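Here is what each chain is made of, one letter per residue.
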Amino acid sequence: MPSEVLNMRADVENPETGIESKKKIATNMSGCLADSYLLMVKTQGYHWNAVGPLFRSLHLLTEEHYQNLFQAIDELAERIRALGYPAPGSITEMISRTEIEEDTENPTTEKMIENLIADHEAVARRFRNTAEMADQNGDLVTADMLTQRIAFHEKAIWMLSALLTR
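Residues numbered from 1 in each chain as written. Predicted model: local features only at pLDDT ≥ 70, side-chain atom pairs only at ≥ 80, totals over all residues. Heavy atoms only, no water.

**Here we look at the overall build of the chain**
Part 1 of the reasoning: Across its full length, the chain carries six helices and zero strands.
Part 2 of the reasoning: Written out in order from the N terminus, the α and β elements of the chain read α-α-α-α-α-α.
Part 3 of the reasoning: Overall, the chain is about 60 × 40 × 20 Å in size when its C-alpha atoms are taken along their principal axes.
Part 4 of the reasoning: A burial count over the chain gives 44% of its 166 residues as buried.
Part 5 of the reasoning: A total accessible area of about 9600 Å² is found for the chain, and carbon and sulfur atoms account for 52% of it.
Part 6 of the reasoning: For the chain, the distance from the average site of its 16 positive side-chain charges to the average site of its 26 negative ones is 2 Å. (Helix = DSSP H or I, 4+ residues; strand = E, 2+ residues; numbered from the N terminus. Buried < 20%, exposed > 50% of the residue type's maximum accessible area, 1.4 Å probe, protein only. Areas by Shrake-Rupley, 256 points an atom, 1.4 Å probe, with all protein chains shown as cover. Lys, Arg positive; Asp, Glu negative; His and termini not counted. Charge placed at Lys NZ, Arg CZ, Asp CG, Glu CD.)

This is how it looks when you write it as structure tokens:
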């Protein structure tokens, strides 16, 4: 009996909740999850490495952002599971699904802020496209979840942009 329990794994399920194109939605949600995951990692790296006159402001802001993103990735993954599909579970899979560029350099603080603005813009666009597609297929829960996430990313863009205002 114990070996049967340990040999279980997530697989495609088919809950009948009136949502059309669940696989397409789950696939797009996996991209949203991957973008959020990589943005969280990038934001935390910038949090650790920011320097200069904007250090304190950027340090505190990026901490708020990566904590928010950490919570969001769990909610996004759980939504993929609720749609009946396995959530991506490896760094390799996340990187293959993301539109966010990894940053292996040590950019200036100004470049960090510019990169984060561009990344939040890209995530907001992807979330908006996925929310619209989910809505068109009767998945109001996913559309609502992503709409709330878009609000976070748009606010992040505003706050990060304010740091660059001269």
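**Description of helix H3 (residues 55-82)**
Part 1 of the reasoning: Look at H3: 40 Å from first C-alpha to last across 28 residues, which is about the 40 Å you get at 1.5 Å a residue.
Part 2 of the reasoning: Packing partners of the buried residues in H3 comprise helix H2 (22-49), helix H5 (109-136) and helix H6 (140-164).
Part 3 of the reasoning: Immediately downstream of H3, the backbone of glycine 84 shows phi near 105 degrees, a positive value. (Expected span 1.5 Å × (residues − 1). Contact = heavy atoms within 4.5 Å.)

**Points about the pattern of salt bridges**
Side chains that carry opposite charge are capable of pairing whenever their charged atoms lie near each other.
Part 1 of the reasoning: Overall, the coordinates contain six salt bridges when judged by the stated rule.
Part 2 of the reasoning: Between lysine 42 and aspartate 119 there is a salt bridge; the shortest N-O distance is 2.7 Å. With lysine 42 in helix H2 and aspartate 119 in helix H5, this pair connects stretches of sequence that are 77 residues apart. Per residue, the accessibility class of lysine 42 equals that of aspartate 119, and both read buried.
Part 3 of the reasoning: Measuring nitrogen to oxygen at the nearest pair gives 2.8 Å for the salt bridge that ties aspartate 139 to arginine 79. Taken as a pair, aspartate 139 in the loop between H5 and H6 and arginine 79 in helix H3 lie far apart in primary sequence, 60 residues in all.
Part 4 of the reasoning: Where salt bridges share partners, they join Asp35, Glu99 and Arg126 into one cluster. (Salt bridge = Lys/Arg side-chain N within 4 Å of Asp/Glu carboxyl O.)

**Topic: the packing of H2 against H6**
Part 1 of the reasoning: Two elements in contact, H2 and H6, have axes whose closest approach is 13 Å; the angle formed by their N-to-C orientations is 25 degrees. By the angle class used here, H2 and H6 are roughly parallel. You can see that H2 and H6 cross each other, and the crossing is left-handed. Along its contact with H2, which presents Ile25, Met29, Cys32 and Leu39, the element H6 presents Thr142, Met145, Leu146 and His153. (Axes fitted to C-alpha atoms, helices over the stretch in contact; angles between N-to-C directions. Parallel < 35°, antiparallel > 145°, perpendicular 65-115°, else oblique. Left-handed = near helix turned anticlockwise from the far one by under 90°.)

**Let's talk about the environment of valine 141**
Part 1 of the reasoning: If you trace the backbone, valine 141 turns up in helix H6.
Part 2 of the reasoning: In sequence terms valine 141 and arginine 79 are 62 residues apart; their C-alpha atoms lie 8.7 Å from each other.

**Remarks on unusual backbone geometry**
Part 1 of the reasoning: You will see that serine 21, though not glycine, has its phi angle at about 55 degrees, which is positive.
Part 2 of the reasoning: Inspection of the secondary structure puts serine 21 in the loop between helix H1 (2-6) and H2.
Part 3 of the reasoning: On the basis of relative accessible area, serine 21 is assigned to the partly exposed category, the value being 36%.

**So, the side chain of aspartate 35**
Part 1 of the reasoning: Within the secondary structure layout, aspartate 35 lies in helix H2.
Part 2 of the reasoning: Setting aside anything within four residues of it in sequence, one finds aspartate 35 in contact with Arg97, Thr98, Glu99, Ile100, Val123 and Arg126.

**Focus: the packing of H2 against H3**
Part 1 of the reasoning: At their nearest, the axes of H2 and H3 sit 8 Å apart, and the two run at 155 degrees to each other. Classed by the angle they form, the pair H2 and H3 counts as roughly antiparallel. Classified by chirality, the crossing of H3 by H2 is left-handed. Residues Ala26, Met29, Ser30, Cys32, Leu33, Ser36, Tyr37, Leu39, Met40, Thr43, Gln44 and His47 of H2 pack against His59, Thr62, Glu63, His65, Tyr66, Leu69, Phe70, Ile73, Leu76, Ala77, Arg79 and Ile80 of H3.
Part 2 of the reasoning: Its residues assigned to classes, the contact of H2 with H3 comprises 14 nonpolar, eight polar and two charged. (Nonpolar A, V, L, I, M, F, W, Y, C, P; charged D, E, K, R; others polar.)

On their own, these measurements won't tell you what the molecule is for.
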